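# Structure at a glance
Listed below, chain by chain, are the residues.
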Amino acid sequence: MMLTNDNFVENRRHQRYRCSGKLIITQFNKNCIRKAELVDFSQEGLGFVSQFDLKPGNHLFMRVESEFLKIHTPDCEFKVRSVSVAEVKWCLEKPKGDYPPYVIGVKYVFPGYR
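Figured I'd write up the structure that's included with this text. Residue positions are given per chain, counted from 1 along the sequence in the order it is written. At least 70 in pLDDT is required for a residue's local features to be given in this predicted model, at least 80 for side-chain atom pairs to be given and counted, and no such filter applies to totals for whole chains, interfaces and linings, which use all residues. To get the side-chain values, take all heavy atoms of the structure and skip hydrogens and water.

## Notes on the packing of aromatic side chains
Pairing of aromatic side chains here covers Phe, Tyr and the six-membered ring of Trp, requires ring centres within 6.5 Å, and sorts the geometry by plane angle: under 30 degrees stacked, over 60 edge-to-face, intermediate tilted. Taken as a whole and judged by the stated rule, the model has one aromatic pair. Our definition puts a charge over a ring when NZ of Lys or CZ of Arg is within 6 Å of the ring centre and also within 35 degrees of the ring normal. Across the ring face of Phe52, the terminal group of Arg34 is positioned such that the distance to the ring centre comes to 4.4 Å. The residue whose ring lies beneath Arg81 is Tyr108, and the NZ or CZ to ring-centre distance is 3.8 Å.

## Observations concerning a nonpolar patch on the surface
Patches were defined on residues exceeding 30% relative accessible area and lacking a salt bridge, with like-charge contacts within 9 Å and nonpolar side-chain contacts (Val, Leu, Ile, Met, Phe, Trp, Tyr) within 5 Å. The Shrake-Rupley method, run with a 1.4 Å probe, gives the accessible areas here. Residue values count only the displayed protein chains as cover. A side-chain nitrogen of Lys or Arg and a carboxyl oxygen of Asp or Glu constitute a salt bridge if their distance falls within 4 Å. Judged by side-chain polarity, Phe28, Phe61 and Val83 come together as a nonpolar surface patch covering roughly 280 Å² of accessible area. Here a strand is any run of E in DSSP of at least two residues, a helix any run of H or I of at least four, and the numbering for each starts at the N terminus. As for its placement among the helices and strands, Val83 is situated in strand β5 (residues 83-93). Partly exposed residues are those whose accessible area sits between 20% and 50% of the maximum for their type, while under 20% is buried and over 50% is exposed, using a 1.4 Å probe and protein chains only. On the basis of relative accessibility, which here comes to 44%, the residue Val83 falls in the partly exposed class.

## Quick word on the side chain of Glu65
In this fold, Glu65 is placed in strand β4 (residues 59-71). Setting aside anything within four residues of it in sequence, one finds Glu65 in contact with Lys22 and Ile24. Note on definitions: a residue-residue contact is assigned when non-hydrogen atoms from the two residues lie within 4.5 Å.

## Here we look at the pattern of salt bridges
One pass over the structure, following the stated rule, counts three salt bridges. Put simply, Lys55 and Asp53 hold a salt bridge, and the shortest N to O gap is 2.7 Å. The exposure class of Lys55 is partly exposed, given its relative accessible area of 46%. Two residues, Glu87 and Lys89, come together in a salt bridge whose shortest N-O distance is 3.9 Å. The exposure class of Glu87 is partly exposed, given its relative accessible area of 26%.

## Regarding the pairing of β5
The sheet contact formed by β4 and β5 spans five bridges and is antiparallel. By the bridge assignment for β5, Leu60 is matched with Ala86. By this definition, two strands are paired if DSSP reports at least two bridges between them. Sheet topology note: the β5/strand β6 (residues 102-108) ladder contains seven bridges and is antiparallel. What sits directly across from Glu93, in β6, is Tyr102.

## Considerations on the pairing of β4
Here strand β1 (residues 17-27) pairs with β4 via eight bridges, running antiparallel. Directly across from Ser20, in β4, lies its bridge partner Lys70.

## Some words on the nonpolar core
One finds Leu23, Leu46, Phe48, Leu60, Met62, Ile104 and Val106 to be the most contacted residues of the largest nonpolar core, which totals 22 residues. Contributions of two or more residues to this core are made by β1, β2 (33-41), β3 (45-50), β4, β5 and β6. Apart from the residues lying within four places of it in its own chain, the contact partners of Ile104 are Leu46, Gly47, Phe48, Ser50, Phe52, Leu54, Val88, Trp90 and Cys91. Among buried residues, the Ala, Val, Leu, Ile, Met, Phe, Trp, Tyr and Cys ones that are joined through side-chain atoms within 4.5 Å form a nonpolar core.

Structural measurements only, silent on function.
Next up, the structure:
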């Protein structure tokens, strides 16, 4: 599944790489663990779908379940971070009837290492 909102694709600084996988998410100062489906990643962040509405500005602690990760772009020059802290930059509600109902983009808070 690719993110299809052209406004977001045009505004990205770094190339996105398609992938699929399971993501475990916790919000700071909240006592809950949520699951999401990873759809793409870049040098600076992730895109995923979720059944939960996450507000822009929220900070998340995320862990990719590496045993389920599949990268669909063979010439990818970066790896998906297995554990990260990120800020929600945007959250879009998908058309009624689509599940999971939200598409979310996050930016890593801390710089990455190569």
